[in-house]
Amino acid sequence: MLKQRIITALILLPIALGGFFLLEGAGFALFIGLVVTLGAWEWARLAGFARQSARVTYAVAVAAMLFVMYLVPGIAPWVLGAAVLWWATATFLVLTYPRTTHHWSNAATKLMIGLLILLPAWQGLIWIKQGPLGNWQIMAVMVLVWGADVGAYFSGRAFGKRKLAPKVSPGKSWEGVYGGLALSLVITAVVGFVRDWTVAQLLMGLIGAAIIVFVSVVGDLTESMFKRQSGIKDSSNLLPGHGGVLDRIDSLTAAIPIFAVLLWMAAS
């Protein structure tokens, strides 16, 4: 399994980095759209659709929506606003699982939730990429999420006692969350000092980083919640040793649109 994970990572890493940071405009939108479309194909399975025809149909529908969103950029604020509302709702659903499962357990609701997860993630990346520091800001949100994951892993293994959401993901602990948050805040502080941020800018950066870390945890737990309710271990086996696309981007689907909203607020 470890060998598979390493080989898959070595193949995917240059493809992902090239797609994120070398492509521009329509090429970038198409690359991210492909990732999101694969995520949609996986999500249909989480929604209870085992037949390939149904899963492909949902993926094609999501791809069509992405195309319309690309043609109508003015819809971006509404899509990102919907993401804010959804991830606030997701936080509540995770905290109250399984008592509130009946609110979203039917297939139609799950498919709609898939749109609220996938479409804003694509929109957020497109919006961030268009900024003057687009590539750096995309790297920033990824580093924050990865830093939170690494910090949570080591802190959770060393100190984890209090379960974060035992009915959703028994392996995660509050100590892991705090460790991930601490590492991400350290990274943010170092960047602030290197870039000579003012005290106000540093404070805002630290607050923003904390928000991104917490919402990334919600993104991770949300996919875990849907997998647990569906009785599925991995979203698919597309990535040998890693599971599916959604298993790799679950935290980012939450972090990216919220990061985009925070950038928009900071620029306003």
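Values in this document were obtained by computation on a predicted structure and should not be read as measured data. (Residues numbered from 1 in each chain as written. Predicted model: local features only at pLDDT ≥ 70, side-chain atom pairs only at ≥ 80, totals over all residues. Heavy atoms only, no water.)

## Focus: the overall build of the protein
Here's step 1: When its secondary structure is counted, the protein shows nine helices and two strands.
Here's step 2: In the protein, the order of α-helices and β-strands from amino to carboxyl end is α-α-α-α-α-α-β-β-α-α-α.
Here's step 3: What you see for the protein is a C-alpha radius of gyration of 18 Å, in line with the 18 Å of a compact globule of 268 residues.
Here's step 4: Buried residues in the protein amount to 46% of all 268 residues.
Here's step 5: Counting contacts in the protein only where the partners sit at least 6 residues apart, residues at least 24 apart contribute 72% of the total.
Here's step 6: Carbon and sulfur atoms provide 73% of the accessible area of the protein, an area that totals close to 14000 Å².
Here's step 7: Charged side chains of the protein number 19 positive and 10 negative; the gap between the two group centres comes to 9 Å. (Helix = DSSP H or I, 4+ residues; strand = E, 2+ residues; numbered from the N terminus. Rg over C-alpha atoms; globule rule 2.2 N^0.38 Å. Buried < 20%, exposed > 50% of the residue type's maximum accessible area, 1.4 Å probe, protein only. Contact = heavy atoms within 4.5 Å. Areas by Shrake-Rupley, 256 points an atom, 1.4 Å probe, with all protein chains shown as cover. Lys, Arg positive; Asp, Glu negative; His and termini not counted. Charge placed at Lys NZ, Arg CZ, Asp CG, Glu CD.)

## Details of the UniProt feature "transmembrane region" (unreviewed entry) in the protein
Here's step 1: The feature "transmembrane region" (unreviewed entry), as annotated in UniProt, sits at residues 28-44, 56-72, 78-97, 109-128, 134-155, 176-194 and 200-219 in this numbering.
Here's step 2: As a span, residues 176-194 carries 100% helix and 0% strand, and end to end its C-alpha atoms are 27 Å apart.
Here's step 3: Between the first and last C-alpha atoms of residues 200-219 the distance is 29 Å; the span itself is 100% helix and 0% strand. (UniProt positions renumbered as here; feature names shortened; annotations may be inferred.)

## Notes on empty space enclosed by the protein
Here's step 1: If you walk through the whole model with that rule in mind, you get one cavity of 30 Å³ or more.
Here's step 2: Quantified by volume, the largest cavity comes out at close to 70 Å³.
Here's step 3: Taken together, Trp43, Trp87, Ile117, Gly219, Thr222, Glu223, Leu246, Asp250 and Thr253 form the lining of the largest cavity.
Here's step 4: Contributing elements (two or more residues each) for the lining of the largest cavity: α8 (199-230) and α9 (245-267).
Here's step 5: When grouped by side-chain class, the residues that make up the lining of the largest cavity number four nonpolar, three polar and two charged. (1 Å grid on protein atoms, 1.4 Å probe; cavity = no way out; pocket = protein on both sides within 12 Å on 5 of 7 lines; lining within 4 Å. Points joined across faces, edges and corners; volume = space filled by probe spheres on them. Nonpolar A, V, L, I, M, F, W, Y, C, P; charged D, E, K, R; others polar.)

## Side note on the packing of aromatic side chains
What describes a pair of aromatic rings is the distance from one ring centre to the other and the angle between the planes of the rings.
Here's step 1: The full count for this structure, using the stated rule, is eight aromatic pairs.
Here's step 2: Each ring, one from Phe20 and one from Phe21, has its centre 6.2 Å from the other, and the planes form 45°; the classification is tilted.
Here's step 3: Accessibility expressed as a relative area gives 14% for Phe20, which makes it buried.
Here's step 4: Residue class for Phe21 comes out buried when judged on its relative accessible area of 16%. (Phe/Tyr/Trp six-rings, centres within 6.5 Å; stacked < 30°, edge-to-face > 60°.)

## A word on the layout of surface pockets
Here's step 1: Roughly 1200 Å³ of volume is contained in the second largest pocket.
Here's step 2: Along the wall of the second largest pocket there are 31 residues; nearest its centre are Gln137, Trp197, Gly205, Phe259 and Leu263.
Here's step 3: Secondary-structure elements contributing two or more residues to the lining of the second largest pocket are α5 (107-129), α6 (134-159), α7 (174-194), α8 and α9.
Here's step 4: Here the element with the most residues in the lining of the second largest pocket is α8; it accounts for nine residues.
Here's step 5: Class assignment for the residues of the lining of the second largest pocket results in 24 nonpolar, six polar and one charged.

## Structural notes on the packing of α6 against α7
Here's step 1: Close contact between α6 and α7 brings their axes to 6 Å; oriented N to C, the two are set at 140°. Overall, the two elements α6 and α7 adopt an arrangement that is oblique. Crossing angle aside, the handedness with which α6 passes α7 is right-handed. Contact residues: Val143, Leu144, Gly147, Ala148, Val150, Gly151, Ala152, Ser155, Gly156 and Phe159 in α6; Glu175, Gly176, Gly179, Gly180, Leu183, Ser184, Ile187 and Thr188 in α7.
Here's step 2: Across the contact of α6 with α7, the residue classes break down as eight nonpolar, nine polar and one charged. (Axes fitted to C-alpha atoms, helices over the stretch in contact; angles between N-to-C directions. Parallel < 35°, antiparallel > 145°, perpendicular 65-115°, else oblique. Left-handed = near helix turned anticlockwise from the far one by under 90°.)

## Structural notes on the pairing of strand β2 (residues 169-173)
Here's step 1: With two bridges joining them, strand β1 (residues 163-165) and β2 adopt antiparallel strand pairing. In the sheet register, Ala165 faces β2, and the bridge partner there is Ser169.
Here's step 2: Counting the residues between successive antiparallel strands, the hairpin from β1 to β2 contains three residues. (Pairing = 2+ DSSP bridges.)

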